[in-house]
Amino acid sequence: FIARARQARHDIDVDADAGTIRLICRELDSLPLALELAAALVSTMSVADIGQGLERRFSLLRDEGREHRHSTLAATVQWSYDLLDAREQRLFDRLSVFQSGFDLNGAVAVIGSTRPTPSAQVDALIRSLESKSMLERAESVGAPRWTALETIREFGDRHLAERGERATARNMHLEHMMSVASLAGAVCRGEQWSEGVRRFRLEWDNLRAALDWAIGTQRSGDVDRILRDIMFMARWTLESEPARWADRAIERSASTGMTLGAPAHLLAAFGHFVVGDREAALTANLRAVESLGTPSDRAWARHYAAIELLYLGRTAAAAAMA
């Protein structure tokens, strides 16, 4: 508690407040996250005020007959959230859609407003949330990134659901991640392909979540876009997870009638290729040839189908396909 409090306010007199600090630590069952959230409040409140505020909160919990330890963290998070202003609360809730951290561009993309919010204002809100331990700085190369602990992130997600904003926020997250995948995919196809791979890796959990949302809401065009952008990264790094994403999309399309394009079948074919199932890989590539897609999609499908035909010893068919 003292270490975090000193980060928030360097001149805190821990000796004068030692008794209250001990009481706060006991009240919070020494839970590290709860202590960090409470300590961050010393930037705007006295230690005595923090202690009194916690006592009032937990007295209500005990009056309601709840088990104290199980309620401690939730009550501390709720109190910290209640002390945020309306703009901070809105941004915090929207940021819960990110699964593996975010940068300033991501935050601007999901904040949602009738008017665009300037990046400088969003940056100031993020840093305010960081100072209050609702967000934490993530280690990253390049642009700063932030993340929220899962317990706190789930708290924001519940608020989105209660206000009926979860779908809107996830749609914004999907749109942003499609842009991220497009830029990373373009870099992968250039001379700095390893930088493109790094960008994909950085947002991997977010891409997975965005694709899951697109599959679940049957946004076939968006599924195609993400899978197309990630295809070369998967092949060049032998990353097999996108093939499983493609399989899930194909299964969903079979049960719902959603029309998928060639990228899903190309990635499914790659999954079969990696494990040596040549017949299944050929079948998937032929489905890609017959599916909707760009001329490039169909050209790559014929290319990989020809390769599978060569593996199967069908050289005349491979030559015709090529």
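Residues numbered from 1 in each chain as written. Predicted model: local features only at pLDDT ≥ 70, side-chain atom pairs only at ≥ 80, totals over all residues. Heavy atoms only, no water.

Engineer: Is there a simple way to explain the pattern of salt bridges in this structure?
Structural biologist: Two side chains of opposite charge can pair, provided their charged atoms sit close to one another. Counted by the stated rule, this structure contains 23 salt bridges. For Asp11, the salt bridge identified is with Arg9, shortest N-O distance 3.1 Å. Among the residues examined, Asp11 registers a relative accessible area of 61% and is labelled exposed. Classification of Arg9 by relative accessible area gives partly exposed; the value is 28%. For Arg127, the salt bridge identified is with Asp123, shortest N-O distance 2.9 Å. Here Arg127 pairs with Asp123, and both are found in helix 8 (residues 119–131), just 4 residues apart, close to one helical turn. (Salt bridge = Lys/Arg side-chain N within 4 Å of Asp/Glu carboxyl O. Buried < 20%, exposed > 50% of the residue type's maximum accessible area, 1.4 Å probe, protein only. Helix = DSSP H or I, 4+ residues; strand = E, 2+ residues; numbered from the N terminus.)

Engineer: Sorry if this is basic, but what is going on with the environment of Thr315 here?
Structural biologist: Tracing the backbone shows Thr315 in helix 18 (residues 315–321). Remark: the alpha-carbon pair of Thr315 and Leu33, spanning 282 residues in sequence, is separated by 63 Å.

Engineer: Looking at this structure, how should I read the environment of Arg127?
Structural biologist: A residue is classified by how much of its surface remains accessible, and Arg127, at 36% relative accessible area, is partly exposed. The spacing of Arg127 and Arg137 is 10 residues in sequence and 9.2 Å in space, taken between C-alpha atoms. Residue contacts for Arg127: discarding those within four places in its chain leaves Arg137 and Trp146. Polar contacts involving the side chain of Arg127 include one to the side chain of Asp123, which spans 2.9 Å. (Contact = heavy atoms within 4.5 Å. Polar contact = N/O pair within 3.5 Å; in protein donor to acceptor, adjacent residues only side chain to side chain.)

Engineer: Teacher, can you tell me more about the packing of aromatic side chains here?
Structural biologist: Here the distance between the centres and the angle between the planes together describe a pair of aromatic rings. Scanning all chains against the criterion turns up 11 aromatic pairs. On the basis of an interplanar angle of 80° and a centroid distance of 6.3 Å, the ring pair of Trp193 and Trp236 is categorised as edge-to-face. On the criterion of sequence distance, the pair formed by Trp193 in helix 11 (residues 193–202) and Trp236 in helix 13 (residues 220–237) is long-range, its members being 43 residues apart. Among the residues examined, Trp193 registers a relative accessible area of 40% and is labelled partly exposed. Judged by relative accessible area, which is 44%, Trp236 ranks as partly exposed. An angle of 70° between the planes, with centres 5.1 Å apart, marks the rings of Phe232 and Trp300 as edge-to-face. Taken as a pair, Phe232 in helix 13 and Trp300 in helix 17 (residues 295–311) lie far apart in primary sequence, 68 residues in all. We classify Trp300 as partly exposed; its relative accessible area is 28%. (Phe/Tyr/Trp six-rings, centres within 6.5 Å; stacked < 30°, edge-to-face > 60°.)

Engineer: When you look at the packing of helix 13 against helix 14 (residues 241–256) in this model, what are you seeing that I'm missing?
Structural biologist: Two quantities define a packed helix pair, namely the angle between the axes and the distance from one axis to the other. At a minimum axis distance of 10 Å, the contact between helix 13 and helix 14 shows a crossing angle of 155°. The pairing of helix 13 with helix 14 is recorded here as roughly antiparallel in orientation. As for how helix 13 packs across helix 14, the hand of that crossing is left-handed. Across the interface between the two elements, Val223, Leu227, Ile230 and Ala234 of helix 13 pack against Pro242, Trp245, Ala246 and Ala249 of helix 14. Residue classes in the contact of helix 13 with helix 14 are distributed as 8 nonpolar, no polar and no charged. (Axes fitted to C-alpha atoms, helices over the stretch in contact; angles between N-to-C directions. Parallel < 35°, antiparallel > 145°, perpendicular 65-115°, else oblique. Left-handed = near helix turned anticlockwise from the far one by under 90°. Nonpolar A, V, L, I, M, F, W, Y, C, P; charged D, E, K, R; others polar.)

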